[in-house]
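Architecture and fold: a report
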Amino acid sequence: MNNNDEKHSNTPQIWAIGGGKGGVGKSLVTANTSICLALLGHKVAVIDLDLGGANLHTCLGVPIPEKTLSDFVTKQVDDIRELLTPTPIDNLKIISGAQDALGIANLQKAQQIEILEGLKSLDVDYIVFDLGAGTTINTLDFFINANLGILVALPEPTSIENTYRFLKSVFFRKLKSLIDNPLVDELINETMNAKLASGSPSPAQLIDQISEQDSELGEKIRNEFKNFTPQLVINQVRTPHDIEIGNSIVTVSKRYFDLDMNLAGTLDFDASVWQSVKNRKPLLMEFPQSRLVYNFEKLINNLLKNKGQ
Ligand SMILES: Nc1ncnc2c1ncn2[C@@H]1O[C@H](COP(=O)(O)OP(=O)(O)OP(=O)(O)O)[C@@H](O)[C@H]1O
Ligand SMILES: [Mg+2]
């Protein structure tokens, strides 16, 4: 890694880490990606957006922060900066999601915008989101609003299926946000709800159809999606075949969604993860010699290369 990356002292770069399925390693990737960025000299705020199931603080070796995002949403705290809690790593602060507050998992659009605006005003270079599992509206919107969306998947069928499900949900959420034509909206709904085997158009073909009906709209959609390049991370890799699965996901996403995904990195299965979670210490600090640390360095280098696309 190098230290020469351009700093973003005005508007922070937002990286969102998601993945359809629970337990695939989102928090592990979030914690260690944030640590890598902080060690490179960037100012980083890591945000636990697994609203309702926040546990990122454990991956970073800090007790549950006293003030959480729910205090901000419920107006107990006016200034989002008050939520920034120091971690053992210089340059890295955490904002915790709520563990218990009912309702925060179902933020209203206005509250979502308030959180995003508040975060963008922070004096940091990078904001890293740890998103919850699943495809709730909030999770999709936080992913779509990030500068870089990172998807974590395991090389196993259920996780791969969930990755496509997540991509499909993100694709349609983003597409619908670009359109206010009821006829086109109807077409989208039909494709979105169609079963794969039904012979209905793929999302990529749908955009072709929209272009035929309204070329200007088609152009606008293509431009928006051109900059939408989710970064894939395959976690818990045990064999070379597992890495191939990552390449297949990229190929299928191009064919089916016409999305330019990128296999940004692979992370080996490594018992030191379990050990570091058990010790409540960040992996990167606890086992600096492990192969996973090398995997993370490569991953962060790739992400830094791709962030500007
Ligand atoms: N590369 C790895 N090698 C070994 N074990 C791993 C690896 N990645 C994750 N794990 C194990 O999987 C568990 C789940 O990881 P993590 O909590 O990061 O997933 P998550 O996607 O954030 O889960 P949730 O959806 O519950 O928030 C970890 O506690 C760890 O034991
Ligand atoms: Mg998690």
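Just so it is clear, the structure is predicted and the values come from calculations on it, not from any experiment.

**Thoughts on the overall build of the chain**
Within the chain, the regular secondary structure consists of 13 helices and eight strands. Computed over its C-alpha atoms, the radius of gyration of the chain comes to 19 Å, within 12% of the 19 Å expected for a compact globule of 309 residues. Taking the principal axes of the C-alpha coordinates as reference, the chain spans close to 55 × 50 × 40 Å. Of all intrachain contacts in the chain linking residues separated by at least 6 positions in sequence, the fraction that spans at least 24 positions is 74%.

**A word on the packing of helix H7 (residues 182-193) against helix H8 (residues 203-213)**
At a minimum axis separation of 11 Å, H7 and H8 run at an interaxial angle of 165 degrees. With respect to H8, the axis of H7 lies roughly antiparallel. In this structure, the crossing between H7 and H8 has a hand that is right-handed. Two secondary-structure elements touch here, H7 through Val184, Leu187, Ile188 and Thr191 and H8 through Pro203, Leu206, Gln209, Ile210 and Gln213.

**Side note on the environment of aspartate 79**
Looking at the element boundaries, aspartate 79 is found in the loop between helix H3 (69-73) and strand E3 (85-86). Sequence spacing of aspartate 79 and valine 170 is 91 residues, and the spatial spacing of their C-alpha atoms is 30 Å.

**A short note on the pairing of strand E1 (residues 13-18)**
For E1, the tally of buried residues reaches six of six residues, placing the bulk of the element in the interior. Taken together, the five bridges between E1 and strand E5 (residues 126-131) define a ladder with parallel strand orientation. Among the inter-strand pairings, tryptophan 15 is bridged to a residue of E5, identified as valine 128. By the bridge criterion, four bridges tie E1 to strand E6 (residues 148-153) in an arrangement that is parallel. Bridge pairing links alanine 16 to glycine 149 in E6.

**What to know about the environment of proline 182**
Mapped onto the elements of the fold, proline 182 is located in helix H7. Through-space distance from the C-alpha of proline 182 to that of alanine 45 is 40 Å; in sequence the pair is 137 residues apart.

**A short note on the site of ligand 1**
The environment of ligand 1 is made up of 17 residues, and the closest members are Gly22, Gly25, Lys26, Ser27 and Leu28. Going through the elements one at a time, helix H1 (26-39), strand E7 (231-237) and helix H11 (271-278) are the ones with two or more residues in the shell around ligand 1. Considered class by class, the residues forming the shell around ligand 1 number eight nonpolar, six polar and three charged.

**So, the nonpolar core**
Formed by 84 residues in total, the largest nonpolar core has its most connected members in Ala16, Phe129, Ile150 and Val233. Here the element with the most residues in this core is H1; it accounts for seven residues. Excluding anything up to four places from it in sequence, phenylalanine 129 contacts Ile14, Ala16, Ile17, Ile47, Leu49, Phe142 and Ala146.

**A word on the sheet that holds strand E8 (residues 262-268)**
Spatially, eight strands are ordered E3-E4-E2-E5-E1-E6-E7-E8 in an open sheet, and the strand pairing comes out mixed. Unpaired on one side and paired on the other, E3 and E8 mark the two borders of the sheet. Taken together, the five bridges between E7 and E8 define a ladder with parallel strand orientation. Counterpart to valine 237 in the pairing with E8 is aspartate 268.

**Section: the packing of H1 against helix H13 (residues 291-306)**
Axis separation between H1 and H13 bottoms out at 10 Å; the angle between their running directions is 70 degrees. Looking at the two axes, H1 sits roughly perpendicular to H13. For the pair H1 and H13, contact is made by Asn32, Thr33, Cys36 and Leu37 and by Phe296, Glu297 and Ile300, respectively. When the residues that make up the contact of H1 with H13 are grouped by side-chain class, the tally is four nonpolar, two polar and one charged.

**Things to note about the confidence of the model for the chain**
Per-residue confidence for the chain gives a mean pLDDT of 88; residues scoring 70 or more make up 92%. Confidence scores differ between elements of the chain, with H7 showing the lowest mean pLDDT of 80 and E7 the highest of 98.

**Describing the pairing of E7**
Counting buried positions over the seven residues of E7 gives seven, a clear majority of the element. Pairing between E6 and E7: four bridges, direction parallel. Directly across from leucine 151, in E7, lies its bridge partner leucine 232.

**Things to note about helix H10 (residues 240-257)**
Relative to the 26 Å expected for 18 residues at 1.5 Å per residue, H10 spans 26 Å between its end C-alpha atoms, a close match to the ideal helical length. Directly beyond the C-terminal end of H10, a positive phi value near 55 degrees is found at aspartate 258.

**A short note on unusual backbone geometry**
Residues other than glycine seldom take positive phi values, yet lysine 75 does so here, at roughly 70 degrees. Within the secondary structure, lysine 75 sits in the loop between H3 and E3. Positive phi, close to 55 degrees, is recorded for aspartate 258, a residue that is not glycine. For aspartate 258, the location among the structural elements is in the loop between H10 and E8.

What counts, and where the lines are drawn
- Residues numbered from 1 in each chain as written.
- Chains lettered and ligands numbered in written order.
- Predicted model: local features only at pLDDT ≥ 70, side-chain atom pairs only at ≥ 80, totals over all residues.
- Helix = DSSP H or I, 4+ residues; strand = E, 2+ residues; numbered from the N terminus.
- Rg over C-alpha atoms; globule rule 2.2 N^0.38 Å.
- Contact = placed C-beta atoms within 7 Å.
- Axes fitted to C-alpha atoms, helices over the stretch in contact; angles between N-to-C directions.
- Parallel < 35°, antiparallel > 145°, perpendicular 65-115°, else oblique.
- Left-handed = near helix turned anticlockwise from the far one by under 90°.
- Buried ≥ 20, exposed ≤ 12 C-beta atoms within 10 Å, placed from the backbone.
- Pairing = 2+ DSSP bridges.
- Near = placed C-beta within 6 Å.
- Nonpolar A, V, L, I, M, F, W, Y, C, P; charged D, E, K, R; others polar.
- Core = buried A, V, L, I, M, F, W, Y, C linked by C-beta atoms within 7 Å.
- pLDDT = per-residue confidence, 0-100.
- Expected span 1.5 Å × (residues − 1).

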